[in-house]
Each structure stands twice: as C-alpha cells, then as structure tokens.
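# Examining the three-dimensional arrangement
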Amino acid sequence: MLTVPLTTLVPEYIKKFETYIPSRPDPELMKLYQVDHLWRLNNNENPLGPPEGSARIIEQFPPKRSSIYPSGDSYYLRVKLAERFDLDPDQIIFGNGANEAIAFVIKAFCQEGDNIITADKTFAVYEWVAEFSGFEARLVPLKDFGFDDEQMLARIDERTKILFVCNPNNPTGTYWDEPKLRRFLDTVAGRQIVVVDEAYCEFVEAPDYPDGMKLFKEYPNLVTFRTFSKMYALAGLRIGYLAGSRDVVDVIRRTCIVYSVNGLAQEAALAAIGDDEHVARTRRHVNVEKSYLLRELAALGLETHAGEGCYVMVKLPMSDTLVYRRLMAKGVMIRTMTGFRFPNWIRVSIGVHEAMEAFITSLGEILAEGNNG
Amino acid sequence: MQSGVKMQDRKTDIRLSVETDIKFLPLVLSFSESSSRIFGLQDADALRLTLASEEVFAYLCRMTKDPKQVTLTMVNGFYYALLTFAFEGIDFDPRAFNLTANVSPDEEGLEEMGLLIAARSVDRMSIFHNAMEGTGFALIKEKTYPAADPWRSEEVPRADGVTFGSPDAEEIKVFVRSIAGGYSSFVYPQDFRYPGKVVDMVQSGEYGVLTAREPKGGIAGGMVWRSSGTSMIECYGPYIFVEEGRAGLAERLVAELISAVARSEAVCLMNRYATDDLPPGYFETLGTIDFALAGEKRPWKFLFRQLREDPGCRVYSHAGMEDFLKSQYKKHFLARQIVPVAYEGERQNPHSVFGAAFQQNQDLVVLLPLWDGADARENLARHIEALRAEGIANILLRIDLGHGWQARLYPVIEAGGFTPSIVIPYRGKADCVLFTLKG
C-alpha cells in the first residue's frame, strides 16, 4: 500500500497544531445525548428566522442557478449597502462570514514581529487568527465587563498594527458610546488600524451607540465588521462584510478571497437590507424574552449579566461544562463561558418562549440536584 | 497576565543522519556526547546518555542486513536532553522496554541486551510509532539538580491588593520552596523539591506557574499546571500562604488559572494535587481511590473539569467492562458511543510492552500498555510481581479507550487482579479507564 511520508511532508509548525473539531451536527448530538429535541440557545441565532424577503429567495432559489458562479465580489450587495450607508461600493468587502474578514485584515497589515491588541474576554477569533498566523495577541483585561480603552492604548508599541474592539461586546453586551469611541480613535490618531466589530449592532437601541459606518471620513484608519448571521438570521449561508475608508479597504482587498460568498447567500442578504420591520420585530422579541429570562434567573438566585445583544450571561455555582452536559441530556444547548475566560458562567441566547421555559425548568432541576464536585 | 519566564525557542535541535553501519559508531558517540553537553548535561549524565546511544545504535546495526538510514535528533528540553533515533523498515523486538525485562541466555535474548542496558542508563526510554514522527526510540536523560530546603516566610503575606501573573525565575524558586515548607509532600509533585528544575520546566513550556503577588512583592499564593498529553492539563493547588481571606484568594487563583488555560489546545483540566483550599464548584469528582501511604489509608479524589463543551466521542470497550462504563457515563452525563471489541484469534506480536510511571512521593506506580503482544497476561503478572517485590503500595493500570487493542486487553487486566475504578474523559486519544489492583 502507498504511504504518504507525513514526517517529511508536514512542516514542523503544523505538526504542533491541534485539529479544531467543531461541534457535531444536531442529529448526531441528539443521538449521543439520547434526546428527541434540542433547543439551540448557544449561537445567538435569531429564533424568528430570516426577513420575509430573504425567506422567499431561499424557498424559491432555482436549483439550476447553483451551476452558475456567483458574483466574485458580491457586486450588487456592495452597491446596495453603499447606497444605504452613503459609501462608495469599493469601501466594502464581503466574506464567507465575518470570521473571514478578520483573517483578511490581519493578513493585510501584520508581518513577523507585529502584534494586535484586544480584550481577554471577548469573541475569540481575533486572538485565534493572530496567534495561528504567528502574531502576538495582546490581551487587555475587561474593566467592569467592558473594553478598557486606557489599558488598550497603553499596550500599543511600534509593532502594534491592529486594535480590535467588539461593540457591543460578545459575551458581556457592554458597549462604548460615541464619545468614548471618538476619544479612542482620536488618541490612536490614525497610527494603527482600529477594527470595530459591530456583529450585534442591530440589536442595540441606546441612542448614544455609535454607528461606525458614519465615521470613515473622520477616521480613515477605522474598519467595521458586520454580519448577516445574527439579526438577519442567515448564519447557515455564511455572509458578512467589512467596511472602511477607500485606501484601507483597497489594501485589505489584496488579501481577500474572491468567490468565497455563494450566490444564494448574496441574494438572500440583498433582500434583507432595509427590512426595518424585521429588525423591530426581533428587538421586541428579544426585549420580552430577555426580561422573562432575567426575572426567572433571579428567582433561581443566580447572578446574571445582560447588556445589549440577544444573549444573557449567567454565573453558576458549578462547572459550566458540567452544566452543558446536564442541559444537553435534557435537550437544551447553551454556550459555556470557560472558553471566553469566564469559568462557571454560561451564555444563553434569546430563543422562542418555549425554549426559554425549557431552559429555566431544566436549569432549576439541575441546581436542585446539586453539584458532584 | 504578564509573563515572567518565557518559553524558549527550540530551533537549536541538532540532527545527524547515518546508515546503520557499525563503522559510524564513533560518529554517533561523538554526536551524542557533544550535543548533550551543549544542552547542559553534566559529565556523568552525558556519559550515561552516550552509553545508551551506543547500545541503541549497535542494536539497530545488528537488526539490519542492509544498511538503513537512521536519524538521531538531540532536543534541548531545558531540564533534560532528549535523543531520538528515527528509522523506517527496521524490525525490532520491543520486549526490552518492559520494566521486568531480563535477558535469557539464548542468542535472541543477547541481541536485546543492548536495549536493556540503554533503558537502564537513562531516566526514560520509549518507543514511538505514528504518522507524524515515524518509528523510533526516544531516550531522555534529565539534568541533576540540587534539592532545596523547604522554606517559610517569617512575615505572613496578605491577600489585599494582590495581582496575578507569571513569576520570574527567583520568584518561582521562592514559591516552590514555600510550598515544600507549608504543605505535605502528598499535595505537590516531586519536582518541587528541586526549584532549579521547576524554573527549567517553566522555561521549556512544560510547567506553567501563576502567583498572586502582594503590592510589596511577597507571594500570597499560587497554582502550577502541566500539560499532560495534548488534550489534558494537570494543575496543582491552590497553595495559599495568607491567613485571612484564604477562600477568596483561592477562588480567584482557580478562576485565573482556568482562564489562563481556557484557550489552549487542551480540552480538560485535572487537579492532580488539590489542597484543602480548593473552592467548591470548579471541579467534578470522577471518583476516589483509597491510597496506602506510610501505612495509612488516604483518599485520592479525582477532580476534573472540561475546558470545552463535550462533543461526545466513540470509545472501544470489551464486553467485560461495558456495564462499568455505562454506569460511569450515566453518572457523569458523558455522551459516548461504545464500540465493542474482542480478541478473535488474529495474529499477534509475540511480545507485549507495559510502561511504568513511578510517583515516589505517593508510593505509586501506574502501568500503561504500550505494545500489544501474545504474552500480555504473563508479562503483566511479572510486572505486578516485580512491583510488589519492590514494596510499591499502590499499583494502578490505565488504558486508553481510543485504542481498540487496549480495550481488548480487559480479560488480561482482570486476570491480573485489577478492577475498573475511574473513567477519565479525554485523558488519551479518547477516555481512559484507571484500574486498581485488588488485595
């Protein structure tokens, strides 16, 4: 039998990497945990589904169309978004989910010896992409559950290329208001790229929340990330984008992968843009269910933290990863927070009311049974 | 968290490729001695590793009619030198790797005497065989370090205003001396008797140390962790030196430690040496084994937590231990697909190998099946006999349910007098089962 000489073919640095194994598909998890249903409260997905226009596109997508290549750079989407945000279409780059956009930016600006700065307890992908690419990720501890602007600025040196701010932060839901973001950008003074990840911006109703898309003229070093996965419920189609000043985006475009966004995703996203009624309906749902959740969790005697966004953090008196397994055995899937460096916390996404009730009932039973530790 | 001692670059590995022709022996000896000295082994240690390399190379030459290529790599492990012999297409009998191996007077036995001498000359010798590294032998010789006296600060530190971080080399030494001065040897690893070794282990990336430092610099407490394979991290502590505010400091240390390793490649964390200050709620108890130590029975709690959400996994099991596994998986809410395995008359290698990991401060040996073979039953019995003759009070055996051949060994293990006691999730390729020896 032919054998592949992996000892010589594989570079030494790749030998040191562990394979990332994503969660198994729901039917497999249900089989393993021996449950006949699974409430998904782990990925901050929109329980109401996509906007009506997008749903119609997906339902009616002609199978024959799948044989045709999509627009390689999501042309019509960029044109429509540019109109909406008063930008040039070339200020926007689409990716196969916002994760791909993170990789584009890091690849565009970092080289050996450079570093990026972000928070220690935030969305992990900024840190992961930097570290896997061989760049230092400088992690600044959160202050009162929020990004610490002063400490982030203090960690900048001559090799710092990018500062990542998650606004509102996943998982804490805290946000920088417009004056704070402006002060930060003023201090950076264009010397580094500032990425503001606005994946959950459509859930924020606070009037002082800044709209990064309006700041590019004043701050050409600002790049924003947005996604169709959360509010617009197109997570399964993988589509997100970044925007910034023309010069900066031109540089990022040199590293980006064309044709990575499929045709169905592009058409569904196109139909979602401007559906303000969908946004309003989702916000109402999140507000109602978040209030219910916080009330019930307080009744269970649990500490919670909830800011903006479609999720709530809960502190448990036992291991979050143990509670994950016990909830899975009852058909409820949540996100453990150890990986966010919040050991013994979980993050619960806002789902349909029945799912919220199932979560509260199941968690109540687990707490009553106690910890085995 | 600020980093004190940095992990060093290991680009300095040194390599030599030669053919298995005895005329190259002087070159091999020169390589082994010179490179081990470069990496810090002193005279006696360097000579022992050189002697081992001579025996291994001579053995490989005897095993090959036509010369084959063998690559020697000397790796700087900071507290040890690791010498590997990687080769392809050389048949060898692994039985000399057994703790109980002895040489029979027949010709075949004499051929393996060299490997036996090599194994006895170094601290650890093992076989590797996998797609990435290929096949070969690995020999480890540790540096010799002076043992330090335990130490206790005259001034009791305070928990107020502490900051958490990685200590520098001198702080590490103070920290481990303080542990030895304040705690029973049952709750810290043997390495802590040698502060210089701990510094080198931190530098090599094998150990991590986290301390809580007072504003004026004193160490109020800390924890230590060590990678144990790719999927598991072991931690020790929390070690607390303050009198007031112990519980709060212990909880902050545990949370900081978990956060420090949360985004590592490991999927699980075990607390191998827990102290009485360990806060509730952070670890699950997988089970307890009664330990005999200095004539007394002491319970050893197996404390575990996952660092990631459990995706479930597939494990191999012999029918004889399936009920035990099912009950454990139910008790700990672990989703597992059990795949039955059994020996069905297929061809086996003649000789098996069992590894033995010693923990002297706990009077403990953990046996590990390393190589499948038809003589496994007799070989295991010989190991037990030898360990009992040595007076080892606690003999355990661990198998990895990710390897079908290890699960298939269950009847051999049972016949050896072992009973399954604890399942450790993801301890190996999949879950591991720890067996205790009856009587």
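Residues numbered from 1 in each chain as written. Chains lettered and ligands numbered in written order. Predicted model: local features only at pLDDT ≥ 70, side-chain atom pairs only at ≥ 80, totals over all residues.

The next subject is the overall build of chain B. From N to C terminus, chain B includes 10 helices and 19 strands. At 23 Å, chain B has a C-alpha radius of gyration in line with the 22 Å of a compact globule built from 439 residues. Each principal axis of the C-alpha atoms in chain B carries an extent, and together these give about 70 × 55 × 40 Å. The burial tally for chain B puts 44% of its 439 residues in the buried class. Excluding contacts between residues fewer than 6 apart, the proportion of contacts in chain B whose partners are at least 24 apart in sequence is 66%. (Helix = DSSP H or I, 4+ residues; strand = E, 2+ residues; numbered from the N terminus. Rg over C-alpha atoms; globule rule 2.2 N^0.38 Å. Buried ≥ 20, exposed ≤ 12 C-beta atoms within 10 Å, placed from the backbone. Contact = placed C-beta atoms within 7 Å.)

Side-chain direction in a regular strand flips from residue to residue, so the side chains alternate between the two faces of the sheet. All names here are of chain A. Burial within strand 11 (residues 332–336) is extensive, with 5 of its 5 residues counted as buried. Bridge count between strand 1 (residues 39–41) and strand 11: 3 bridges; the pairing is parallel. Opposite Trp-39, over in strand 11, you have Val-332 as the bridge partner. Two strands pair when backbone bridges link them, and strand 11 and strand 12 (residues 345–349) are joined in this way by 2 bridges, in the antiparallel orientation. Directly across from Arg-335, in strand 12, lies its bridge partner Arg-347. (Pairing = 2+ DSSP bridges.)

Let us now look at helix 9 (residues 178–188) of chain A. Residue and element names in this part refer to chain A. Listed as buried for helix 9 are Leu-181, Phe-184 and Leu-185. When helix 9 is viewed along its axis, its buried side chains cluster within an angular range of 95° and face the same direction. Exposed positions of helix 9 whose direction lies more than 90 degrees from the buried face are Pro-179 and Asp-186. The elements touched by buried residues of helix 9 are helix 8 (149–154), strand 6 (193–197) and strand 7 (222–227). (Arc of directions from axis to C-beta.)

This part is about the sheet that holds strand 6 of chain A. Residues and elements named next belong to chain A. Spatially, 2-8-7-6-5-3-4 is the arrangement adopted by the 7 strands of the open sheet, whose pairing is mixed. On the outer flanks of this sheet lie strand 2 (92–95) and strand 4 (136–140), each paired with one strand and no other. Between one strand axis and the next, the sheet turns through 20° on average, direction left out of account. (Axes fitted to C-alpha atoms, helices over the stretch in contact; angles between N-to-C directions.)

Attention shifts here to the domain arrangement of chain B. Residue and element names in this part refer to chain B. Domain assignment breaks chain B into domain 1 (14–142), domain 2 (163–282) and domain 3 (313–437). Relative to domain 3, the C-alpha centre of domain 2 lies at a distance of 30 Å. Across the contact, 8 residues belong to domain 2 and 7 residues belong to domain 3. The residue makeup of the side of domain 2 that touches domain 3, split by class, is 4 nonpolar, 4 polar and no charged. (Domains from an automatic or database assignment. Nonpolar A, V, L, I, M, F, W, Y, C, P; charged D, E, K, R; others polar.)

With that settled, consider the interface of chain B and chain A. In this assembly, 29 residues from chain B lie in contact with 31 residues from chain A. Listing elements by their share of the side of chain B that touches chain A, those giving two or more residues are helix 6 (246–261), strand 11 (284–293) and strand 12 (296–306) of chain B. The leading source of residues in the side of chain B that touches chain A is helix 6 of chain B, at 3 residues. Of the residues assigned to the side of chain B that touches chain A, the class counts are 13 nonpolar, 8 polar and 8 charged.

Here we come to the domain arrangement of chain A. All names here are of chain A. The domain architecture assigned to chain A consists of domain 1 (6–50 + 277–369) and domain 2 (52–272). Taking the mean C-alpha position of each, domain 1 and domain 2 sit 24 Å from one another. Counting residues at the interface gives 25 residues for domain 1, matched by 27 residues for domain 2. Secondary-structure elements contributing two or more residues to the side of domain 1 that touches domain 2 are helix 12 (276–299) and strand 10 (311–315). Residues of the side of domain 1 that touches domain 2, tallied by class, amount to 11 nonpolar, 9 polar and 5 charged.

What follows deals with the sheet that holds strand 3 (residues 80–87) of chain B. Residue and element names in this part refer to chain B. Taken in spatial order, the 5 strands line up as 1-2-3-5-4 in an open sheet, and their pairing is antiparallel. A single partner strand is all that each edge strand has here, and the edge strands are strand 1 (14–19) and strand 4 (124–130). On average, adjacent strands in this sheet sit at an angle of 20° to one another, irrespective of strand direction. In this structure, strand 3 lies alongside strand 5 (residues 134–142), joined through 8 bridges in antiparallel fashion. Following the sheet pairing, Thr-84 is matched in strand 5 by Ala-138.

All names here are of chain A. If you trace the backbone, Met-333 turns up in strand 11. For Met-333, a count of 23 C-beta atoms within 10 Å translates into the label buried. Separated by 26 residues in the primary sequence, Met-333 and Phe-359 place their C-alpha atoms 8.6 Å from one another. Excluding residues that lie within four positions of it along the chain, Met-333 makes contacts with Leu-38, Trp-39, Arg-40, Leu-41, Asn-42, Leu-327 and Met-328.

So, about unusual backbone geometry. Residue A:Pro171 is bonded to the preceding A:Asn170 through a cis peptide linkage, with omega at 25°. By secondary structure assignment, the location of A:Pro171 is in the loop between strand 5 (160–166) and helix 9. Following B:Gly237, the chain continues to B:Pro238 via a peptide bond in cis, the omega torsion being 5°. Along the chain, B:Pro238 falls in strand 9 (residues 232–240). The residue A:Asn44 is not glycine, and still its phi comes out positive at about 55°. Turning to its location among the elements, A:Asn44 is positioned in the loop between strand 1 and helix 4 (52–59). Despite not being glycine, A:Asp86 has its phi angle at roughly 55°, a positive value. Mapping A:Asp86 onto the fold places it in the loop between helix 5 (75–85) and strand 2. A residue is classified by how many C-beta atoms lie within 10 Å of it, and A:Asp86, with 9 of them, is exposed.

All names here are of chain A. It is the contact of helix 12 with helix 14 (residues 353–369), at a shortest axis distance of 11 Å, that shows an interaxial angle of 10°. Looking at the two axes, helix 12 sits roughly parallel to helix 14. In this structure, helix 12 contributes Glu-289, Tyr-292, Leu-293 and Glu-296 to the contact, and helix 14 contributes His-353, Met-356 and Ile-360. Looking at the contact of helix 12 with helix 14 residue by residue, the classes come out as 4 nonpolar, 1 polar and 2 charged. (Parallel < 35°, antiparallel > 145°, perpendicular 65-115°, else oblique.)

It is worth spelling out the nonpolar core at this point. Among soluble globular proteins, nonpolar side chains are generally buried collectively. Counting residues in each nonpolar core, the largest one holds 118 residues, and the members touching the most others are B:Val56, B:Val198, B:Met223, B:Leu249, B:Leu257 and B:Cys268. For this core, the leading source of residues is helix 2 (residues 43–63) of chain B, giving 8 residues. Setting aside residues no more than four positions away along its own chain, B:Val56 makes contact with B:Phe85, B:Leu115, B:Ala118 and B:Phe137. Within the second largest apolar cluster, 112 residues are counted, among which are A:Ala98, A:Leu316, A:Tyr324 and A:Phe359. (Core = buried A, V, L, I, M, F, W, Y, C linked by C-beta atoms within 7 Å.)

This paragraph deals with helix 6 of chain B. Residues and elements named next belong to chain B. Across its 16 residues, helix 6 extends 23 Å between first and last C-alpha, which sits within 8% of the 22 Å expected from 1.5 Å per residue. Burial in helix 6 covers these residues: Leu-249, Ala-250, Leu-253, Val-254, Glu-256, Leu-257, Ile-258, Ser-259 and Ala-260. Where helix 6 is buried, its residues contact strand 6 (163–165), strand 7 (207–213), strand 8 (219–228), strand 9 and strand 10 (268–274). (Expected span 1.5 Å × (residues − 1).)

This brings us to the pairing of strand 2 (residues 69–76) of chain B. Residues and elements named next belong to chain B. The alternating pattern of strand 2 places Val-70, Leu-72, Met-74 and Asn-76 on a buried face, while none of Gln-69, Thr-71, Thr-73 and Val-75, on the opposite face, is buried. Relative to strand 2, strand 1 is paired through 6 bridges, and the arrangement is antiparallel. Pairing of Val-18 across the sheet is with Val-70, part of strand 2. Sheet topology note: the strand 2/strand 3 ladder contains 7 bridges and is antiparallel. Residue pairing for strand 3: Leu-72 is matched across the bridge by Phe-85. Counted along the chain from strand 2 to the antiparallel partner strand 3, the turn is 3 residues long, and its residue Phe-78 has a positive phi close to 70°.

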